[in-house]
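Residues per chain, in single letters:
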Amino acid sequence: MLLRVLRRFLRPYRGAVVAVVLLQAAATLAALSLPSLNADIIDLGVVTGDTGYILRTGALMLAITAVQITASIVAVYIGARTAMAVGRDLRSALFDRVQRFSLAEMGRFGAPSLITRSTNDVQQVQMVTLLTFTIMVMAPIMMVGGVVMALRQDVVLSGLLVVIVPVLVLVMGLAVWRMRPLFRQMQERLDRINRVLREQIAGVRVVRSFNRQATERQRFEGANTSLMTTALGVGRLLAMLFPAVMLIINVSSVAVIWFGAGRIDAGDMQVGSLVAFLNYLMQILMSVLMAVMMFMMVPRAEVAAERIRAVLATEPAIVAPAAPTPLPRGGTAAVLVTAAAAVTEAALVTETVVVTDAAAGNGRRRRPGTVATQAHASGNGRRRTPGDRGLVVELDGATFGYAGAEKPVVRGVDLRLEPGRTTAIIGSTGAGKTTLVNLIPRLIDVTAGAVRLGGVDVRDADPGELRERICLVPQKSYLFSGTIASTLRHGRPGATEEDLWRALEAAQARDFVEELGDGLDTAVEQGGTNFSGGQRQRLAIARALLRQGDVYLFDDSFSALDYATDARLRAALPAATGGATVLIVAQRVASIRDAHQIVVLDGGAVVGTGTHHELMETNETYREIVLSQLSAAEAA
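Rules used throughout
- Residues numbered from 1 in each chain as written.
- Predicted model: local features only at pLDDT ≥ 70, side-chain atom pairs only at ≥ 80, totals over all residues.
- Heavy atoms only, no water.
- Salt bridge = Lys/Arg side-chain N within 4 Å of Asp/Glu carboxyl O.
- Helix = DSSP H or I, 4+ residues; strand = E, 2+ residues; numbered from the N terminus.
- Pairing = 2+ DSSP bridges.
- Axes fitted to C-alpha atoms, helices over the stretch in contact; angles between N-to-C directions.
- Contact = heavy atoms within 4.5 Å.
- Core = buried A, V, L, I, M, F, W, Y, C linked by side-chain atoms within 4.5 Å.
- Buried < 20%, exposed > 50% of the residue type's maximum accessible area, 1.4 Å probe, protein only.
- Arc of directions from axis to C-beta.

Colleague: Any chance you could explain the pattern of salt bridges here in plain terms?
Modeller: One pass over the structure, following the stated rule, counts 22 salt bridges. Among the salt bridges present, the one from Glu216 reaches Arg219, with a minimum N-O distance of 3.1 Å. Pair noted here: Glu216 and Arg219 are both in helix H9 (residues 213–265), with a separation of 3 residues, about one helical turn. One salt bridge connects Arg469 with Glu465, and the closest N-O pair in it is separated by 3.6 Å. Several salt bridges share partner residues, and in doing so they unite Asp566, Arg570, Arg588 and Asp594 into one network.

Colleague: Help me out: how do you make sense of unusual backbone geometry in this one?
Modeller: Across residues other than glycine, the phi torsion is negative in most instances, and most of the peptide bonds are trans. A positive phi angle is found at Asn211, which is not glycine, with a value near 55 degrees. The phi angle at Asp556 is positive, at roughly 50 degrees, despite the residue not being glycine. Mapped onto the elements, Asp556 comes out in the loop between strand E13 (551–555) and helix H19 (563–577).

Colleague: Before we go on, may I ask you to explain the sheet that holds strand E14 (residues 581–585) in this structure?
Modeller: Strand pairing in a sheet takes place through backbone hydrogen bonds and is either antiparallel or parallel in direction. What the 6 strands build is an open sheet, ordered E10-E13-E14-E7-E15-E16; its pairing is mixed. Of all the strands in the sheet, just strand E10 (470–473) and strand E16 (605–610) have a single pairing partner and so form its edges. Ignoring which end each strand starts from, the neighbouring axes of this sheet average 15 degrees apart. Relative to E16, strand E15 (residues 597–602) runs antiparallel, the two sharing 5 bridges. Note on E16: the bridge partner recorded for Val600 is Gly608. Relative to E10, helix H18 (residues 533–547) is tilted by about 180 degrees, and along the sheet it contacts E10 and E13.

Colleague: How do you make sense of the nonpolar core when you look at a structure like this?
Modeller: Burial of nonpolar side chains together is a common tendency in soluble globular proteins. With 51 residues, the main nonpolar core has Leu504, Leu545, Phe554 and Tyr622 as its most contacted residues. Top contributing element to this core by residue count: H18, with 7 residues. Aside from chain neighbours lying at most four places away, what touches Phe554 is Val473, Ile541, Leu545, Leu573, Val582, Leu583, Ile584 and Val585. Listed in part, the 43 residues of the second largest apolar core include Leu161, Val165, Leu190 and Ile193.

Colleague: Where do I start with helix H1 (residues 2–10) in this structure?
Modeller: Note that an α-helix has 3.6 residues per turn; residues three or four places apart therefore point the same way. All buried positions along H1 are accounted for by Leu2, Val5, Leu6, Phe9 and Leu10. The arc enclosing the buried residues of H1, seen along the axis, measures out at 110 degrees, which places them on a common side. Facing away from the buried side of H1 by more than 90 degrees, the exposed set consists of Leu3 and Arg7.

Geometric values such as these leave the question of function open.
Below is the structure:
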């Protein structure tokens, strides 16, 4: 698996790889030539007293050493840059693949594991790539070259290599065999630490409010201790390995000197040759040591490569069709009107405005508190009035179930969402409301039935175009770190400051933003944790309204708002959304009782559809939900 990953990501750097191999070969051959020259100095210069030969050969050795050093430095430089580039490309490939994952793939791997795979696992592969360029390329050349040069010095003494090298390989091979499962455990336990730490940081307020610091500390210590135990196992093997290797090397040196001295005494070998042979033996053993040490890193990198490959080989369930069907053109971009123009205190209670739909040729009544307002869309030169049509959303027998689940989360939903009208979904916890919402922008795909936008099955549309036309406010109002302005511009990057203030006013957020010292430049911490829940929801709504799409999905987006703010926001929405299709998911009856159409979900199925008054008379499930929140008089 490691080779497959490296083969793929080293392909763009073939030239650099060839250069590293050639430079390392040159440096290794230079290093192999030095012991022979040193032997010649001893045998032909020192023994004979030829000072000139010593100086000439010494100068040659210095020149070869300069070549060796230069080649090694350049090889390491190129190798390091290439290894870092491979790490960069791996992280980029992982990021791109994860960005395409649907909710199902995200749930399968989990955020902590994906973070570990994108950081620590990539680092392991990157490190092995670097060691390959700096050690692995050099080790086989030095080993083979060292054996050849040792044979040139003395064939009989070279017989020791037949015993020494296999013993060294056996000892280190056993260590590597024992380390491989430990390295796999280390990566898995790193995942666990990341998961525990991420939960504790994200839920620090819950931990403190329930005084669970001691319990969470024990949970983290358990995960930390598990990783430490595995790391200690690796450390013990290394602690035994190095003394064993050094023992083999030192015993080998003693054996060479012992047998070499006998051959010198018998006149079969010269002193310089013995010194050279001893140097070649060290080079051979060090090359074996480096190679095996390299292979000690390989098991962990191979485990990391398997985990990386698992992500890269996972095909997202949500893919763009080969020939996507263009979505029909709905209404043009919505214009955000000011709250003052959209709603007044009197309008909240009594006002009803009739707007004529020029395209349809009929009049339709708007919700209390809305005003038909036409304004110029800043920055795009397009207009939309509340009478413009968005896109029809149709769910035809829509069903979704998770793999292995006993029953679908959503089953057989038939629903039609009309432009210019607000549809609300209500139901008990776990009824499938959020799942149903996620089907429309194709964050998940139906397992049966179909979802259509403007008559086009969302599976036949390009996901990018589809989501460009849909404005979603998710159940969890997540804000990215930066400023309020940068957070809002996630909805529309080219929005002007005037556009931002309009969106904030429509979302009933302008007042509290103006009260902040830096206004739109106020810092936003990761997740928006420096704002209250209601403020985060209003900023998330403003971000969606700024997008100016054809369909607006509000997934329980008003739950943290007080009733007065909720009422003002709902009154301003028709003008702010400009006649687009609006779907609101809510637990609070007050947020949806004025919707044109209310859909009641129970157990993933639609059990009722109608207005508030119709459902109060005909649907027991809806009536129970309403009466659990309101008195009979208030519900009437």
